[in-house]
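Each chain is listed here by its residues.
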Amino acid sequence: MSARSIPWLKYAAPPNFYGLADRLTPWLWAGAGLLFLVGLYVGFFVAPVDYQQGNSYRIMFIHVPTAWMGMFLYLLMALYGMIFLVWRIRMADAMARAIAPTGALMTFLALWTGALWGAPTWGAYWVWDARLTSTLILLFLFLGYMALHAAADDRDKGGRAASLLAIIGAVNVPIIYFSVNWWYTLHQGASVIRRDGPSMAPEMLAALLIMTAAFWLYCAAIVLRRAQLEALEREPGAEWAQAAAAGALTREQRERAAATATIGDVGDHDEGDTLTGNTATKQEGRN
Amino acid sequence: MKQRHKRLVLVLGILAGVSVATALVLNAFRDNLTFFITPSEVMAKTEIPERRFRVGGIVEEGSVTRDTQSTEVRFGVTDTVKSLPVVYHGILPDLFREGQGVVIEGRIGEDGTFQADRVMARHDENYMPAEAAEAVKRAGGDLSQFVDHY
């Protein structure tokens, strides 16, 4: 495979990915834990009481980062889905699949904390305005992706169908983001990313940004761990996977496995089906 | 053309198609996607709508009058151009106050007053410490210059 020469494809080989994730995740966990502690401290004890809402506004330190993460993770999942559809790199599908549950969790938390904030502030847990409805659709897209991926017997087949759903659903993300500008909504407009700068006291903004960074690191860690499991599940009999599952993957084992790893059919040839993926059988049929 | 280029073109084509279709649908349903209409839009209507609808605006300064015998409250909702008189029976959300954003749901009565059966406070995008808001007021400043309504 000539694509092997492209350097970024190194981590498309499952053993290499596994090793990289092993090295990264401890730092990500530690960073997430530290930033959660700092963020919650600043959020609860340093940030002042809001002039209108009193203390209930502090829900936003969970609500806003989780809502951002939900949207960001969806776009990332769609991007990995696209890499899988176009380059057929299996590790990309494993990453997309690993993102989905965390994305669903983040979106659910955003909706849930939003409802808890809405009850005292608006006087309603839920309204069908454009922001809330499109965010609910985002949750259903994550759940639909997971269901569709699991529905097919063949992992690659399920991955292709689910990836297509992820790409089509990506249209929803800009709708969520811009809904408060495009239509009158009960949900307020953006406070942080505005042309005239954030409309928020600096201590509040600091807590919000620290919590956002904490959620980022947490999501990165949990997604990498889940993708590692997925990589092992895909090659249960392989020597490197056995060693990795036992927690004793040596560098030499990893490099040997990576050298012979099948990363997927990157599509360096001219023949074959475009999206259905029956390249090999088609070519055999013609010969 | 290599296989992966064909796939890339196909995927991008699907994405472009879906985007255009979505944009057209959203544009067609524009009026239905908006959560509320403004008092000016209510006044511009030539006939009184039969079904319930929502109106959003600011609670007009000095317009709130409460009935001492019941939970009835009357106030005006304005978009700074037109003002709509509203009557409501029930408990108002904590954030309800004069000069604050509000969304009401109900229908127009015989006398042209909006009979609200639901009142929701609309929070704006400003977050500031209570002391800062106090200081602005004490200095004779106008808070509304920080608060851009709609």
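Residues numbered from 1 in each chain as written. Chains lettered and ligands numbered in written order. Predicted model: local features only at pLDDT ≥ 70, side-chain atom pairs only at ≥ 80, totals over all residues. Heavy atoms only, no water.

### As for the domain arrangement of chain B
Move 1: Assigned domains of chain B: these are domain 1 (3-32) and domain 2 (35-145).
Move 2: On a C-alpha basis, the centroid separation for the pair domain 1 of chain B and domain 2 of chain B is 40 Å. (Domains from an automatic or database assignment.)

### Some points on the pairing of strand β3 (residues 72-78) of chain B
Successive side chains on a regular strand alternate, one facing one side of the sheet and the next facing the other.
Residue and element names in this part refer to chain B.
Move 1: Counting buried residues along β3, 6 of its 7 residues qualify, which places the element largely inside the surrounding structure.
Move 2: Note: strand β1 (residues 53-59) against β3, 2 bridges, orientation antiparallel. Each residue of the ladder has a partner; that of Val59, found in β3, is Val77.
Move 3: Here strand β2 (residues 65-66) hands over to β3 after 5 residues, the two strands then running antiparallel side by side.
Move 4: In this structure, the hairpin formed by β3 and strand β4 (residues 83-89) is closed by a connection of 4 residues, where Thr80 is found at a positive phi of approximately 70°. (Buried < 20%, exposed > 50% of the residue type's maximum accessible area, 1.4 Å probe, protein only. Helix = DSSP H or I, 4+ residues; strand = E, 2+ residues; numbered from the N terminus. Pairing = 2+ DSSP bridges.)

### Some words on the interface of chain A and chain B
Move 1: Taken together, the 56 residues of chain A in the interface contact 47 residues of chain B.
Move 2: In this assembly, chain A packs against chain B so that about 4,400 Å² is buried in total across both faces, 60% of it on carbon and sulfur atoms.
Move 3: If you sort the residues of chain A by the area they bury against chain B, Tyr51, Gln52 and Tyr184 of chain A come out on top, with a joint share of 19%.
Move 4: Connecting chain A to chain B are 0 salt bridges.
Move 5: Inspection of the region where chain A meets chain B yields 6 residue pairs in polar contact (both at pLDDT 80 or more).
Move 6: Of the residues forming the side of chain A that touches chain B, the biggest block, 5 residues, is contributed by helix α2 (residues 60-87) of chain A.
Move 7: Across the side of chain A that touches chain B, the residue classes tally to 32 nonpolar, 15 polar and 9 charged. (Contact = heavy atoms within 4.5 Å. Buried area = accessible area lost by both parts, 1.4 Å probe. Salt bridge = Lys/Arg side-chain N within 4 Å of Asp/Glu carboxyl O. Polar contact = N/O pair within 3.5 Å; in protein donor to acceptor, adjacent residues only side chain to side chain. Nonpolar A, V, L, I, M, F, W, Y, C, P; charged D, E, K, R; others polar.)

### Observations concerning helix α4 (residues 130-151) of chain A
Move 1: If you check α4 of chain A, its first and last C-alpha atoms are 31 Å apart, about what 22 residues at 1.5 Å a residue would give, namely 32 Å.
Move 2: Buried residues of α4 of chain A: Ala130, Arg131, Leu132, Ser134, Thr135, Leu136, Leu138, Leu139, Leu141, Phe142, Tyr145 and His149 of chain A, and no others.
Move 3: Those residues of α4 of chain A hidden inside the fold are in contact with α2, α3 (90-121), α5 (155-169), α6 (172-182) and α7 (202-234) of chain A together with α2 (30-33) of chain B. (Expected span 1.5 Å × (residues − 1).)

### Overview of the side chain of Gln253 of chain A
Residue and element names in this part refer to chain A.
Move 1: If you trace the backbone, Gln253 turns up in helix α9 (residues 251-259).
Move 2: With relative accessibility at 14%, the residue Gln253 sits in the buried group.
Move 3: Separated by 3.1 Å, the side chains of Gln253 and Glu239 make a polar contact.

### Description of the packing of helix α1 (residues 14-46) of chain A against α7 of chain A
Residues and elements named next belong to chain A.
Move 1: Where α1 meets α7, the closest approach of the two axes is 7 Å, and the angle between their N-to-C directions is 155°. One way to sum up the angle between α1 and α7 is to call them roughly antiparallel. In this structure, α1 meets α7 at a crossing whose hand is left-handed.
Move 2: Partitioning the contact of α1 with α7 into residue classes produces 29 nonpolar, 5 polar and 3 charged. (Axes fitted to C-alpha atoms, helices over the stretch in contact; angles between N-to-C directions. Parallel < 35°, antiparallel > 145°, perpendicular 65-115°, else oblique. Left-handed = near helix turned anticlockwise from the far one by under 90°.)

### Things to note about the nonpolar core
Move 1: In terms of nonpolar packing, the biggest core is built from 68 residues, with Met60, Phe61, Tyr74, Met77, Met200, Met204 and Trp240 of chain A touching the most fellow members.
Move 2: A per-element tally of this core places α7 of chain A first, with 13 residues.
Move 3: Setting aside anything within four residues of it in sequence, one finds Met204 of chain A in contact with Ala47, Pro48, Asp50, Tyr57, Met60 and Phe61 of chain A together with Tyr127, Met128 and Pro129 of chain B. (Core = buried A, V, L, I, M, F, W, Y, C linked by side-chain atoms within 4.5 Å.)

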